[in-house]
Amino acid sequence: MTSTSSTRAHEPAVHTPEDREPADPTPEDREAPSPGGRGAPPAERAGRDEGRAPVGSPPRNGLASRAAGAMATLAVLVLVPYAHPSLSRLRVLTPLPEGEGLVVVPAPAPVASVGETTLATETTEQAELRQPEEVALPAAAAELLPAAVASEGKPPRPIEDPSGKAMAPFFRALAAVERKAPQSIARITYFGDSIVASDFVTATLRRKLQKRFGDAGHGFMLMANAWPGYFHNDVVRFAGPGWQVSRVVGPFAKDGLYGLGGVSFRSQGAGVFSRFATAETGTYGRAVSRFAVDYLKHPEGGRMEIKIDGESREMIDTQADQAGSAIATYQVPDGPHAIEVRAHGPGVRAFGVWMERDTPGVVLDAIGIQGCRIRFLDKSDDAHFAEQLRARNPSLAVFQYGMNESEDGELYPLDQVESTMKAVLEQVTAALPGSSCLLVGPMDRADKKGEVYRSRPVIPKLAAIQRRVAAQVGCGYFDTFGAMGGSGSMGIWVQRGLGGADLAHPSGAGAEVIGRWLYLALMEAYEGWKASAARP
């Protein structure tokens, strides 16, 4: 383990409520708050005395009041269009299309300052975010995208790899897993924005790869929900309130040490804890052989206790003369288990936990950072981030960004989008010279005026930038925008139940489609690589 340089303790922070969205700085990373906060307090009641009966009057019958009459009239007007099909265009209670499980994220509130915010709510099971193992796509989507309905087949776009060797390290790891080589794991570390933060797309890809090659564990998870929409499928997670957090999207850590997942968690006192366990239902995530706790040793470190299956396993003193990453690993018999990380005082800084198995297979870390642009990854201390990447040692690093860059439009100059993206990818490939790299291009994004959907002009520009940078750095590229159908496709996706109501995110069904496409594109490229390797 190497150490990074450290700064002294954090300055006192101004805390913001945890249920607000994370920092999502303006294109210039300004600290000015957004005019749209959590909303104004409820309006005071007006006209309290209106319609009040005189003193001594008999009590009124509420059903005979003017208000009740108005409500009855409104109900009739709403229900009349349902009496005959010819009036269907006047209906206002039309249900959402099938498959409209939306991933809609409110606009983030910028917190681009140095400090911490308190996670005031517990991390619990969020059943509404769970992606079923088998997702039934809307019938309307089958008409539009017949290839998307099939579980197997040819992807609408291939993995682009001008060098012909960008994906080779990952494919070698897959081949070792496929022949069941001892200790073989094909590990994927998948960075992204809010889509990945909810484990959409990544859950589908993880499950399909594990179904074919074997389940070698769930991978990396943050200590707690750093954002309301943070979620992981096929694992049980719980954390008590009270963790203090700094994030690459703000508020920023003074020392730039965020771990692998872009979030630093610090205990204010004793009793703050996080718990992770194998899944209790379903096909995936039912066993673990190894837990790893990713934390920071530093001059003001506190003590944390590790419990496995309810039994104390170790008390760790995280105090050290210099700050540096540390990994505590715990072997367990392969099967269902739980780990708990509990602070016994202030100063514990932890980043996350990963779960793996001692069996050949695939692991996929879903590292989603809500409100993130790829350039924000560079807010981490360079040596620390490289250290974290090497500790995880993925066979494939994936980057799926563009949604928040499209929110910036061209206010953040596109030449700087390109140069900062290239700098981040060069940093990652330098830290992981024996790994593959893949960029997953942006989805289409639309605005609606009246009944017309129009794609944002910046989307094809961002896609072209990503394709160009991928080729320059030596990464593969998947053209999501082209696979969807190019300009104008998001409007069609929304109408067919594959797009979210915000015209930016996929629905649950849409995320399933993109996950299938990525799997098919990877397997197509993998089979081509195997065929090429087999030729004399």
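Residues numbered from 1 in each chain as written. Predicted model: local features only at pLDDT ≥ 70, side-chain atom pairs only at ≥ 80, totals over all residues. Heavy atoms only, no water.

Examining the sheet that holds strand 14 (residues 361–368)
The 5 strands lie next to each other as 14-2-15-16-19, forming an open sheet whose pairing is parallel. Only two strands of the sheet have a single neighbouring strand rather than two, namely strand 14 and strand 19 (476–478). Ignoring strand direction, the axes of neighbouring strands in this sheet form an average angle of 20°. Relative to strand 14, strand 2 (residues 185–192) is paired through 8 bridges, and the arrangement is parallel. Directly across from I185, in strand 14, lies its bridge partner G361. Against the sheet, helix 4 (residues 168–178) contacts strand 2, strand 14, strand 15 (396–400) and strand 16 (436–440), and its axis sits at roughly 135° relative to strand 2. Strands in contact with helix 9 (residues 414–431) are strand 15 and strand 16; relative to strand 16, the strand with the most contacts, it is inclined by about 150°. (Pairing = 2+ DSSP bridges. Helix = DSSP H or I, 4+ residues; strand = E, 2+ residues; numbered from the N terminus. Axes fitted to C-alpha atoms, helices over the stretch in contact; angles between N-to-C directions. Contact = heavy atoms within 4.5 Å.)

Some points on unusual backbone geometry
Each neighbour pair has its own omega, and for G250 with P251 the value is -5°, a cis peptide bond. Along the chain, P251 falls in the loop between strand 5 (244–247) and strand 6 (263–266). The backbone of D234 shows a phi angle near 65°, a positive value even though the residue is not glycine. Secondary-structure assignment places D234 in the loop between strand 3 (219–222) and strand 4 (235–239). A relative accessible area of 13% means that D234 is categorised as buried. The phi dihedral of D309 is positive, around 55°, even though this residue is not glycine. Tracing the chain through its elements places D309 in the loop between strand 9 (303–308) and strand 10 (311–317). (Buried < 20%, exposed > 50% of the residue type's maximum accessible area, 1.4 Å probe, protein only.)

What to know about the packing of aromatic side chains
Per the stated rule, a full pass over the model turns up 11 aromatic pairs. Between F191 and F399, the ring centres sit 5.3 Å apart and the planes meet at 10°, which makes this aromatic pair stacked. In this pair, F191 is assigned in strand 2 and F399 in strand 15, connecting sequence segments 208 residues apart. For F191, a relative accessible area of 1% puts it in the buried group. One aromatic cluster in this structure is built from F170, F171, F213, Y526 and W529. Across from the ring centre of F376, 5.4 Å away, lies the NZ or CZ of K379, which sits over that ring. For R392, the ring lying beneath its charged end belongs to W354, and the centroid distance is 4.5 Å. (Phe/Tyr/Trp six-rings, centres within 6.5 Å; stacked < 30°, edge-to-face > 60°. Lys NZ or Arg CZ within 6 Å of the ring centre and 35° of its normal.)

Observations concerning the state of the cysteines
Scanning the model with the defined rule gives 1 disulfide in all. Bridging C437 to C475, the disulfide has an S-S length of 2.2 Å. Between C437 and C475 the disulfide shows an S-S torsion of about 80°. By sign, it is right-handed. Placement of the pair is C437 in strand 16 and C475 in the loop between helix 10 (458–473) and strand 19, with a sequence separation of 38 residues. By relative accessible area, which is 3% here, C437 ends up buried. (Disulfide = S-S within 2.5 Å.)

Thoughts on the nonpolar core
Counting 78 residues, the largest nonpolar core has F191, F265, V293, I339, L377, F399 and L425 as the members making the most contacts within it. Once residues lying within four places of it in the same chain are set aside, the contact partners of V293 are M304, I306, A326, I327, A328, Y330, I339, V341, G352 and V353. In terms of nonpolar packing, the next biggest core, distinct from the first, is built from 52 residues, L137, L438, V513 and M523 among them. (Core = buried A, V, L, I, M, F, W, Y, C linked by side-chain atoms within 4.5 Å.)

A word on the packing of helix 9 against helix 10
Relative to each other, helix 9 and helix 10 sit at 35°, their axes nearing to 10 Å. By crossing handedness, the relation of helix 9 to helix 10 is classed as right-handed. Where helix 9 abuts helix 10, its residues L414, V417, E418, M421, K422, L425, E426 and T429 lie against V458, K461, L462, I465, Q466, R468, V469, Q472 and V473. Classifying every residue of the contact of helix 9 with helix 10 by side-chain character gives 9 nonpolar, 3 polar and 5 charged. (Left-handed = near helix turned anticlockwise from the far one by under 90°. Nonpolar A, V, L, I, M, F, W, Y, C, P; charged D, E, K, R; others polar.)

Overview of the confidence of the model for the chain
Mean pLDDT over the chain stands at 83; residues scoring 70 or higher make up 77%. Ignoring residues within four places in sequence, the model shows residues 1–65, a span with pLDDT below 50, making 108 contacts including any to other chains. Taken together, the stretch residues 70–110 has pLDDT below 50 and engages in 61 contacts with residues farther than four places along the chain or on a different chain. (pLDDT = per-residue confidence, 0-100.)

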